[in-house]
Amino acid sequence: SQQGEEDPQALSIQEGENATMNCSYKTSINNLQWYRQNSGRGLVHLILIRSNEREKHSGRLRVTLDTSKKSSSLLITASRAADTASYFCATDPGGYQKVTFGIGTKLQVIP
Amino acid sequence: DAGVTQSPTHLIKTRGQHVTLRCSPISGHKSVSWYQQVLGQGPQFIFQYYEKEERGRGNFPDRFSARQFPNYSSELNVNALLLGDSALYLCASSSPMLYGYTFGSGTRLTVV
């Protein structure tokens, strides 16, 4: 079963524009993570935000977390063609409970 | 330092056969998790092992089993393969969950 649900499921933007992806989840979490996947390869970890954090930055990435609304967003600024990939949020309840992935947002950045 | 390595990268099996997939975690990582990703879907949790003990199991039938060795490498075994087992099988290591998972490139299993 999927814990997180990304929205939108697909997004197409022009190079240089910003891309925003949202993730909603159902149960309480210890942390939330975002991953990128290129064409059916392994996932690459982008950023981890803890339940007591509200915002985190890493390069062109900005992640927000609202635990009261059980939602998170990933913003990619000044997008590049190389950002074309699927992006997944993953929720970690903590301890040895499973990390659960959403269904992903497929981002296409048009040069 | 090598990342998470998985073998083989691709595999074609016939229905009813058995398959073993292998994973070597990043050096120093004691936790290995296995995920199944069907085309167009997010990864689905299968197993988590930590210090050679099973710490979590997803909603998969008993045909799926795994183990972790003293060097923290891991094997995923699937018996009596079904067409629906065709997927990308991903291995991830972490130690502990401070910075997220590091994934291998996966094993693409096709059951015909």
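Residues numbered from 1 in each chain as written. Chains lettered and ligands numbered in written order. Predicted model: local features only at pLDDT ≥ 70, side-chain atom pairs only at ≥ 80, totals over all residues. Heavy atoms only, no water.

### A look at the sheet that holds strand β6 (residues 55-58) of chain A
All names here are of chain A. The strand order across the open sheet formed by five strands is β1-β3-β8-β7-β6, and the pairing between neighbours is antiparallel. The open sheet has two edge strands with one neighbour each: β1 (5-7) and β6. Mean inter-strand twist for the sheet, computed between neighbouring axes without regard to direction, equals 20°. Judged from the three bridges that link them, β1 and strand β3 (residues 19-24) form a sheet pairing that is antiparallel. Looking at the pairing, Glu 6 lines up with Cys 23 of β3. (Pairing = 2+ DSSP bridges. Helix = DSSP H or I, 4+ residues; strand = E, 2+ residues; numbered from the N terminus. Axes fitted to C-alpha atoms, helices over the stretch in contact; angles between N-to-C directions.)

### Side note on the sheet that holds strand β3 (residues 19-24) of chain B
Residue and element names in this part refer to chain B. The strand order across the open sheet built from four strands is β1-β3-β8-β7, with neighbouring strands paired in antiparallel fashion. Looking at strand neighbours, the two that pair on one side only are β1 (5-7) and β7 (64-68), the edges of this open sheet. Between one strand axis and the next, the sheet turns through 15° on average, direction left out of account. Relative to β3, β1 runs antiparallel, the two sharing three bridges. Bridge pairing in β3 places Gln 6 opposite Cys 23.

### With respect to unusual backbone geometry
Excluding glycine, a negative phi dihedral is what most residues carry, and trans is how most peptide bonds are arranged. The omega torsion of the bond from Asp 7 of chain A to Pro 8 of chain A falls at 0°, within 30 degrees of zero and hence cis. Locating Pro 8 of chain A in the fold gives a position in the loop between β1 and β2 (10-14). In this structure, Pro 8 of chain B follows Ser 7 of chain B across a cis peptide bond, with omega equal to -10°. Even without being glycine, Glu 51 of chain B reaches a positive phi, approximately 50°. Mapped onto the secondary structure, Glu 51 of chain B falls in the loop between β5 (44-50) and β6 (53-57). Given a relative accessible area of 29%, Glu 51 of chain B falls into the partly exposed group. (Buried < 20%, exposed > 50% of the residue type's maximum accessible area, 1.4 Å probe, protein only.)

### Here we look at the packing of aromatic side chains
Two numbers describe a pair of aromatic rings. These are the distance of the centres and the angle of the planes. Summed over the entire model, instances satisfying the criterion amount to ten aromatic pairs over all chains. Between Phe 101 of chain A and Tyr 35 of chain B, the aromatic rings sit 5.2 Å apart at their centres with planes inclined by 85°, giving edge-to-face as the arrangement. Within this pair, whereas Phe 101 of chain A is found in strand β10 (residues 100-101), its partner Tyr 35 of chain B is found in strand β4 (residues 31-37), the two belonging to separate chains. The buried category is assigned to Phe 101 of chain A, whose relative accessible area is 0%. When its relative accessible area of 0% is taken as the criterion, Tyr 35 of chain B is described as buried. Ring centres 6.1 Å apart and planes at 50° place the aromatic pair Phe 47 of chain B and Tyr 49 of chain B in the tilted group. Taken together through their ring pairs, the aromatic side chains of Tyr 35 and Phe 101 of chain A together with Tyr 35, Phe 45, Tyr 101 and Phe 103 of chain B make up a single cluster. (Phe/Tyr/Trp six-rings, centres within 6.5 Å; stacked < 30°, edge-to-face > 60°.)

### Thoughts on the interface of chain A and chain B
With 21 residues of chain A at the interface, the matching set in chain B holds 22 residues. Carbon and sulfur atoms make up 52% of the surface buried where chain A meets chain B, a total of about 1,700 Å² over both sides. Three residues stand out in chain A for area buried against chain B, namely Leu 43, Tyr 96 and Phe 101 of chain A, and they jointly supply 32% of the buried area on that side. Counting the contacts that link chain A with chain B gives zero salt bridges. (Contact = heavy atoms within 4.5 Å. Buried area = accessible area lost by both parts, 1.4 Å probe. Salt bridge = Lys/Arg side-chain N within 4 Å of Asp/Glu carboxyl O.)

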